[in-house]
Amino acid sequence: MNLIIRLLITAIVAFLLTKILPSVHFDGFSTAIIFAIVLGLLNLIVKPVLSLFGLPLTIITLGFFALVINAIIILIADYFIDSMMVDGFWWAFIFSIALSIVTSLANSMFSDGD
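This is a predicted model, so every value here is computed, not measured.

Procedures and definitions
Residues numbered from 1 in each chain as written. Predicted model: local features only at pLDDT ≥ 70, side-chain atom pairs only at ≥ 80, totals over all residues. Heavy atoms only, no water. Helix = DSSP H or I, 4+ residues; strand = E, 2+ residues; numbered from the N terminus. Buried < 20%, exposed > 50% of the residue type's maximum accessible area, 1.4 Å probe, protein only. Contact = heavy atoms within 4.5 Å. Areas by Shrake-Rupley, 256 points an atom, 1.4 Å probe, with all protein chains shown as cover. Phe/Tyr/Trp six-rings, centres within 6.5 Å; stacked < 30°, edge-to-face > 60°. Expected span 1.5 Å × (residues − 1). Axes fitted to C-alpha atoms, helices over the stretch in contact; angles between N-to-C directions. Parallel < 35°, antiparallel > 145°, perpendicular 65-115°, else oblique. Left-handed = near helix turned anticlockwise from the far one by under 90°. Nonpolar A, V, L, I, M, F, W, Y, C, P; charged D, E, K, R; others polar. Core = buried A, V, L, I, M, F, W, Y, C linked by side-chain atoms within 4.5 Å. Polar contact = N/O pair within 3.5 Å; in protein donor to acceptor, adjacent residues only side chain to side chain. UniProt positions renumbered as here; feature names shortened; annotations may be inferred.

Student: Is there a simple way to think about the overall build of the protein in this case?
Tutor: Looking only at helices and strands, the protein has 5 helices and 2 strands in total. Looking at the protein as a whole, 36% of its 114 residues qualify as buried. Long-range pairs, those at least 24 residues apart, make up 62% of the contacts in the protein with a sequence separation of at least 6. Accessible area for the protein stands at about 7000 Å²; split by element, carbon and sulfur atoms hold 75% of it.

Student: Hey, could you run me through the packing of aromatic side chains in this one?
Tutor: The way to describe two aromatic rings as a pair is by their centre distance and the angle between their planes. Evaluation of the coordinates by the stated rule reveals 8 aromatic pairs. Centre to centre, the rings of Phe-64 and Phe-93 are 5.8 Å apart; their planes meet at 55 degrees, and the pair counts as tilted. Here Phe-64, found in helix α4 (residues 64-80), pairs with Phe-93, found in helix α5 (residues 89-110); they are 29 residues apart in sequence, far enough to count as distant. According to the relative accessible area criterion, Phe-64 is partly exposed, its value standing at 44%. Note on Tyr-79 and Phe-80: the rings are 5.4 Å apart at their centroids and 75 degrees apart in plane angle, and the pair reads as edge-to-face. The exposure classification of Tyr-79 matches that of Phe-80, with both residues exposed. Ring pairing ties together the aromatic residues Phe-64, Phe-89, Trp-90 and Phe-93, which thus form one cluster.

Student: I'm lost on α5 in this one. Help?
Tutor: Residue pairs spaced three or four apart in an α-helix point in one direction, given the helix's 3.6 residues per turn. In this model, α5 (22 residues) spans 31 Å end to end at C-alpha, consistent with the 32 Å of a helix rising 1.5 Å per residue. By the burial criterion, the buried members of α5 are Ala-92, Phe-93, Phe-95, Ser-96, Leu-99, Thr-103, Ala-106 and Asn-107. Turning to α5, the residues buried within the fold contact α1 (2-20), β1 (24-26), α2 (29-53), α4 and β2 (84-86).

Student: How should the packing of α1 against α2 be read in this particular structure?
Tutor: Between two packed helices, both the angle of their axes relative to each other and the distance between the axes serve to describe the pair. Viewed as axis vectors pointing N to C, α1 and α2 meet at an angle of 125 degrees, and their least axial separation amounts to 8 Å. Comparing the axis directions of α1 and α2 gives the class oblique. Read as a crossing pair, α1 and α2 show a hand that is right-handed. Here Leu-7, Thr-10, Ala-11, Ile-12, Ala-14 and Phe-15 of α1 lie close against α2, whose contacting residues are Phe-29, Ala-32, Ile-33, Phe-35, Ala-36, Ile-37 and Leu-39. When the residues that make up the contact of α1 with α2 are grouped by side-chain class, the tally is 12 nonpolar, 1 polar and no charged.

Student: What is the right way to read the nonpolar core from this model?
Tutor: Where a protein is soluble and globular, its nonpolar side chains tend to be buried together. Phe-26, Phe-35, Ile-74, Met-84, Phe-95 and Leu-99 are the most contacted members of the largest nonpolar core, which has 29 residues in total. Mapped by element, the contributors of at least two residues to this core are α1, β1, α2, α4, β2 and α5. Considering every element that reaches this core, the biggest residue donor is α4, with 7 residues. Among residues more than four places away in sequence, those in contact with Ile-74 are Phe-35, Leu-39, Met-84, Val-86, Ala-92, Phe-95, Ser-96 and Leu-99.

Student: Please clarify how the side chain of Ser-23 should be interpreted in this entry.
Tutor: Along the chain, Ser-23 falls in the loop between α1 and β1. Take Ser-23: its relative accessible area is 11%, and that puts it in the buried class. Here Trp-91 takes part through its side chain, which lies 3.3 Å from a polar atom of the side chain of Ser-23. Apart from the residues within four sequence positions on either side, Ser-23 is in contact with Met-85, Val-86, Asp-87 and Trp-91.

Student: I tried to follow the UniProt feature "transmembrane region" (unreviewed entry) in the protein on my own but got confused; where do I start?
Tutor: Residues annotated by UniProt as "transmembrane region" (unreviewed entry) correspond here to residues 32-50, 57-77 and 89-110. Taken end to end, residues 32-50 has its terminal C-alpha atoms 24 Å apart, with 100% of it in helix and 0% in strand.

Below, the structure is given as structure tokens:
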């Protein structure tokens, strides 16, 4: 149940962010749900590999490169989802930072204190 709540929070936050950021587009809320699922899968499968290969850069940049990896994950999700469009790396970067911050805040508000 916790996974479904987190996916819904991610979908809602991502959908609302597309209304604020002019260069990130979803066709509808169903696309936001698909995005949340794809993002979860990419974070589970691809992100550890990218983080491992990017570890030296992450150490050199004091963690900044981890934000770049998040933006790359957003761009990969954009590649797989036809009804989603991100207008470039920098918009994916801004979207990933905003998504991380707002989703983290929302998850902490709705967590059951475990």
